[in-house]
Amino acid sequence: MMWEKDRSLDEYSWVEFLPVLLAAVGFVFLSDPGLLGTVSATLIVGAWFALPMVYTVALGHVLVAALTVDGFTTWAIVTVELGLGGMILLATPALYGRRTVVSMIVFMLGLFVFTFGIVYVTSSSLWLGALALLIVGALASYGMHRYELVSLGLVEGSV
């Protein structure tokens, strides 16, 4: 299965470790530099080494939810999410191929610009353009979610 951890530690580059380090730093400061943040940072680094990327990112979001119960700072959340998103971005070309990823990004950017442009030009309303982007983004996110379910084999029956 393509989501399995099948590389040894010496096959990783330092660039792949940067988002993990960024997420770990965000976790430390997410709980006002304390024990819970340090434990969370250690867990996310350990999970990145031991688990497939999708499980590491899922664990990261669970930890964010657990650490933000008593409050949080915006920059700490942004730091964690940039790190988790960076893990996904660096793993995506290896999973699907660089050409597929570039064409997907170009398509999505074109779709967003075209949607906003058509709605804004026809209605002259910035709010309607933003609403159209929100709807298209939600539909694209749902489509990606369904694609991930199918690729992970979590959908029963024939597709």
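Notes on the structure follow. (Residues numbered from 1 in each chain as written. Predicted model: local features only at pLDDT ≥ 70, side-chain atom pairs only at ≥ 80, totals over all residues. Heavy atoms only, no water.)

Examining the packing of aromatic side chains
Using the following cut-off: Stacked, edge-to-face and tilted labels apply to pairs of Phe, Tyr and Trp rings (six-membered ring for Trp) whose centres lie within 6.5 Å, assigned for plane angles under 30 degrees, over 60, and everything in between, in that order. Type-normalised accessible area, obtained with a 1.4 Å probe on protein chains alone, sets the label of each residue: buried when under 20%, exposed when over 50%, and partly exposed for intermediate values. In DSSP terms, a helix is any run of H or I states spanning at least four residues, a strand is any run of E spanning at least two, and both are numbered starting from the N terminus.
This model, assessed by the stated rule, comprises 4 aromatic pairs. Between Trp 48 and Phe 49 the ring centres are 5.0 Å apart and the planes differ by 65°, which places this aromatic pair in the edge-to-face class. Residue Trp 48 is classed as buried on the basis of its relative accessible area of 8%. Judged by its relative accessible area of 35%, Phe 49 is partly exposed. For the pair Phe 116 and Tyr 120, a centre-to-centre distance of 5.6 Å together with 5° between the ring planes defines the contact as stacked. Of this pair, Phe 116 and Tyr 120 are both found in helix 5 (residues 98-123), 4 residues apart, which corresponds to roughly one turn of the helix. Phe 116 sits in the partly exposed class, given a relative accessible area of 26%. On the basis of relative accessibility, which here comes to 38%, the residue Tyr 120 falls in the partly exposed class. An aromatic cluster of three or more residues is present, and its members are Phe 17, Trp 48 and Phe 49.

Concerning helix 2 (residues 35-50)
Where we set the bar: A helix's residues, less one, multiplied by 1.5 Å, set its expected span. This arc is built from the directions going out from the helix axis to the C-beta atoms.
The end-to-end C-alpha separation of helix 2 is 22 Å, in line with the 22 Å expected for 16 residues at 1.5 Å each. Taken residue by residue, helix 2 has Gly 37, Ser 40, Ala 41, Ile 44, Ala 47 and Trp 48 as its buried positions. Viewed end-on, helix 2 has its buried residues packed into an arc of 130°, placing them on one side of the element. Those residues of helix 2 that are exposed and aimed more than 90 degrees away from the buried face are Leu 35, Thr 42 and Ala 50.

The values are spatial; any link to function lies outside them.
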